[in-house]
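Structure assessment
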Amino acid sequence: MDVYLPIANLSVDGLVIVALGALTGILSGLFGVGGGFLTTPLLIFYGIPPTVAAASASTQVTGASVSGVIAHSKRRGVDYRMGAVMIGGGVIGSGFGALLFNFFRSIGQIDVVINALYVVLLGSIGLLMAKEAIQTLRGTGGAQAARRRHHPLVASLPFRWRFYGSGLYISPLAPLIVGIVVGILTMLMGVGGGFILVPAMLYILGMSANVVVGTSLFNILFVTIATTIMHSVTTRAVDIVLVALLLLGSVSGAQIGSQFAVKAKPEALRLVLAAIVLLVAFRMFLGLFYRPDEIYTVYPL
Amino acid sequence: MLLVAAFFLMGQRDPVLVPEISQHEVQVRQGFVGQELLLFGAVLDPAGRAGQDYDIVVVLKGPSEPIRLREKERFIGVWANAESSDFRSVPSYFAVASSRPITEIVDDKTAAIYEFGTDYIQLSPSGSINPEEQRRFAAGLVDLKRRLGLYREDFGGVQISESVLYQARIELPSNVTTGTYTAETFAVTRGRVIASAVSEVEVKKVGFERFVEDSANEWGLAYGLIAVLLSVGMGWGAGRLFARL
């Protein structure tokens, strides 16, 4: 089924895009991540211009996270106070991200920077997740039962607030900084940032596990909304037809994924996610260290 | 005026080209997967001679744009952008078709003057890098565009019948830029261009596609809000739908 994308300026096979959306949707339903880290590179690989891919993927993540947020908020799995602070940081961060994007574009290294970010972040997080999942599967992770609270640096920050949902009494500066960092990455990489938020919430802020996924999705929802608006006003690269196709797949995929998530073993799931994350990182790594297919890049003047 | 023209035509005793294109307007709408254009026409010889051999070359060019081309180089193991070169007029689309291989029709110099081939596109490089580097960059650009299907050569793609009628099919892929395209037709004999004619093709978005593009460019904020609404609406709707199943 041929569909013409008016902003990307080319014709694609609609079914392939819907299938791609479904794949990321299943991931987001299973793991509570937006799936942007997979959509953006795959769209680029398929031939969609990089800016259009990043902008449209962030809009798609909005849709994929809505149903998750509703589901989690029903069972009180969202810490709204924490989420609001992070969203504030996320909006500031996406502003910084836009500045950085323009800076790296002006020196002509934006594609290299994005590639490197993917390799470093996905690579390290994928390895961490794989290690942890394997340990738990082998039953050697029991020693970690005495779970560490938040990172010592977090405790040293001033002005403490009570975050009832997360069971924390910490400075709001900590989630604000986390939000800023994720906002920057959202703008640069075209990702929701769930794969960074979730570990950061668990291991840096020390939030209780039952609100982590819900709050992460809540944050992703609003940050991707802000990013979509930012892209629509500045790069004008959101392709609404592409978004609709991706959503068609991802919203149904997300529902299927969340059904699976109830039945499957969480450690096994995490191992699968780790494998996917590492695969994407490895593909990006090849692009960075081996002679790429495309030596030349065109920038309009 | 007519007299002058008639005198001029008779005086030079060179043939006249009457070109036509299957369509002067290509509409880019939903389901657009590219368009094949048929460039055809006749070569009229005022002297009434028939059977003289002509070669026909057609060149179809899309609107030009200035670009900066960056080249990746290995830098401490990492492939990073290193040097760059600016080109002031890069056609967004370029196709050439001819009745025989170009090298058999004209010499290099003539081919370069009339841009008979992707190697001869006048890209107007600017900046002060040396000619050899410029050639390398130009070759890289042409190769990139060729693999996108935007630059193409079809030597032998022009059919001539009875030394009078000619026709060539040129494919516009779906990723073409909108704008005014110019189709130039050349009649060549003994290495010399003896007649040429120009016609135009308008490639434009129409209907919903046009509306989407205009909205995105003119009402960015509203466009973004609608995209968000669509996204949230579909996410929420799917949640409700699956909850009932």
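Residues numbered from 1 in each chain as written. Chains lettered and ligands numbered in written order. Predicted model: local features only at pLDDT ≥ 70, side-chain atom pairs only at ≥ 80, totals over all residues.

With an unreviewed UniProt entry as reference, chain A is termed Probable membrane transporter protein, source organism Qipengyuania aquimaris. We quote the UniProt Sequence similarities (unreviewed entry) comment for chain A here in full: "Belongs to the 4-toluene sulfonate uptake permease (TSUP) (TC 2.A.102) family." (UniProt positions renumbered as here; feature names shortened; annotations may be inferred.)

With respect to the overall build of chain A
Counting its regular elements, chain A contains 11 helices and five strands. Seen along its three principal axes, the alpha-carbon backbone of chain A occupies a region of about 55 × 40 × 40 Å. Taking all 301 residues of chain A together, the buried fraction comes to 54%. A separation of at least 24 residues holds for 80% of the contacts in chain A among residues at least 6 apart in sequence. (Helix = DSSP H or I, 4+ residues; strand = E, 2+ residues; numbered from the N terminus. Buried ≥ 20, exposed ≤ 12 C-beta atoms within 10 Å, placed from the backbone. Contact = placed C-beta atoms within 7 Å.)

A look at the overall build of chain B
Each helix and strand counted, chain B has six helices and 13 strands in total. Its C-alpha atoms give chain B a radius of gyration of 24 Å, clearly above 18 Å, the size a compact globule of 245 residues would have. In terms of its C-alpha atoms, chain B occupies a principal-axis envelope of roughly 80 × 50 × 35 Å. If you take every contact in chain B between residues at least 6 apart in sequence, the share linking residues at least 24 apart comes to 71%. (Rg over C-alpha atoms; globule rule 2.2 N^0.38 Å.)

Considerations on the UniProt feature "transmembrane region" (unreviewed entry) in chain A
Residue and element names in this part refer to chain A. The UniProt entry lists residues 12–38, 44–71, 83–104, 110–130, 168–196, 202–225, 237–256 and 268–290 under the feature "transmembrane region" (unreviewed entry), expressed in the numbering used here. This span, residues 44–71, is 89% helix and 0% strand, and a straight line between its end C-alpha atoms measures 31 Å. Secondary structure within residues 168–196 divides into 69% helix and 10% strand; the distance between the first and last C-alpha atoms comes to 20 Å.

As for the interface of chain B and chain A
The interface is formed by 46 residues belonging to chain B together with 45 residues belonging to chain A. For the side of chain B that touches chain A, the secondary structure elements donating two or more residues are strand 5 (64–75), strand 6 (78–91), helix 4 (131–147), helix 5 (207–218) and helix 6 (220–244) of chain B. The element that contributes the greatest number of residues to the side of chain B that touches chain A is helix 6 of chain B, accounting for 15 residues. For the side of chain B that touches chain A, a count of residues per class yields 23 nonpolar, 14 polar and nine charged. Both strand 5 (residues 296–300) of chain A and strand 5 of chain B contribute to a ladder of five bridges, which runs antiparallel. The residue of strand 5 of chain B that forms the bridge with A:Pro300 is B:Ile67. (Nonpolar A, V, L, I, M, F, W, Y, C, P; charged D, E, K, R; others polar. Pairing = 2+ DSSP bridges.)

Examining the environment of B:Ala187
Residues and elements named next belong to chain B. Along the chain, Ala187 turns up in strand 12 (residues 179–189). Along the sequence, Ala187 and Ile121 sit 66 residues apart, while their C-alpha atoms lie 19 Å from each other. Not counting the four nearest positions on each side in its chain, Ala187 is found in contact with Pro15, Leu17, Val43, Tyr54, Ile56, Ile194 and Ala195.

Looking at the sheet that holds strand 6 of chain B
An order of 5(A)-5(B)-6(B)-8(B) is seen for the four strands of this open sheet, with the pairing classed as antiparallel. With partners counted over all chains shown, the strands left at the sheet margins are strand 5 of chain A together with strand 8 (125–126) of chain B, one partner each. Relative to strand 6 of chain B, strand 5 of chain B is paired through 10 bridges, and the arrangement is antiparallel. Bridge pairing links B:Arg74 to B:Trp79 in strand 6 of chain B.

As for the domain arrangement of chain B
Residue and element names in this part refer to chain B. Partitioning chain B into structural domains gives domain 1 (15–204) and domain 2 (206–245). Listed as interface residues are five residues of domain 1 and, on the opposing side, four residues of domain 2. Each residue belonging to the side of domain 1 that touches domain 2 can be placed in one class, and the counts come to one nonpolar, two polar and two charged. (Domains from an automatic or database assignment.)

Considering the sheet that holds strand 11 (residues 165–172) of chain B
Residue and element names in this part refer to chain B. Spatially, 1-3-11-10 is the arrangement adopted by the four strands of the open sheet, whose pairing is antiparallel. A strand with exactly one partner marks an edge of an open sheet, and here the two such strands are strand 1 (16–21) and strand 10 (158–161). This sheet shows a mean twist of 20° between the axes of neighbouring strands, independent of strand direction. Of the pairings in the sheet, the one linking strand 10 to strand 11 comprises four bridges and is antiparallel in character. (Axes fitted to C-alpha atoms, helices over the stretch in contact; angles between N-to-C directions.)

Some words on helix 2 (residues 36–46) of chain A
Residue and element names in this part refer to chain A. Counting buried residues along helix 2, eight of its 11 residues qualify, which places the element largely inside the surrounding structure. Residues of helix 2 that are buried include every one of Gly36, Phe37, Leu38, Thr39, Thr40, Pro41, Leu42 and Leu43, and no others. The first or second residue beyond helix 2 is Gly47, which carries a positive phi of 115°.

Topic: the nonpolar core
Within the largest apolar cluster, 152 residues are counted, with the highest numbers of intra-cluster contacts made by A:Leu5, A:Leu245, B:Val57, B:Val58 and B:Leu141. By residue number, the principal contributor to this core is helix 9 (residues 209–233) of chain A, which donates 12 residues. Split by domain, the residues of this core number at least three in each of domain 1 (15–204) and domain 2 (206–245) of chain B. In this structure B:Val58 touches B:Leu39, B:Ala97, B:Val158, B:Ala168, B:Ala183, B:Glu184 and B:Thr185, once residues within four positions along its chain are discounted. (Core = buried A, V, L, I, M, F, W, Y, C linked by C-beta atoms within 7 Å.)

Remarks on the packing of helix 3 (residues 50–74) of chain A against helix 9 of chain A
A pair of packed helices is captured by two measures, namely the crossing angle of their axes and the spacing between those axes. All names here are of chain A. Relative to each other, helix 3 and helix 9 sit at 150°, their axes nearing to 8 Å. Compared by their axis directions, helix 3 and helix 9 come out roughly antiparallel. Where helix 3 crosses over helix 9, the two elements pack in a sense that is left-handed. Contacts between helix 3 and helix 9 involve Ala55, Ser58, Thr59, Val61, Thr62, Ser65, Val66, Gly68, Val69, His72 and Ser73 from the former and Val213, Gly214, Leu217, Phe218, Ile220, Leu221, Thr224, Ile225, Thr227, Thr228 and His231 from the latter. Residue composition of the contact of helix 3 with helix 9, grouped by class: 10 nonpolar, 12 polar and no charged. (Parallel < 35°, antiparallel > 145°, perpendicular 65-115°, else oblique. Left-handed = near helix turned anticlockwise from the far one by under 90°.)

With respect to the environment of A:Ser208
In this structure, A:Ser208 sits in the loop between helix 8 (194–205) and helix 9. For A:Ser208, the contacting residues outside a window of four places in its chain are A:Ser166 and A:Gly167.

What to know about the packing of helix 5 (residues 110–138) of chain A against helix 11 (residues 266–289) of chain A
Residues and elements named next belong to chain A. Where helix 5 contacts helix 11, the two axes come as close as 7 Å, and the packing angle between them is 150°. Put simply, helix 5 runs roughly antiparallel to helix 11. Considering only the axes of helix 5 and helix 11, their crossing is left-handed. The residue makeup of the contact of helix 5 with helix 11, split by class, is 20 nonpolar, five polar and two charged.

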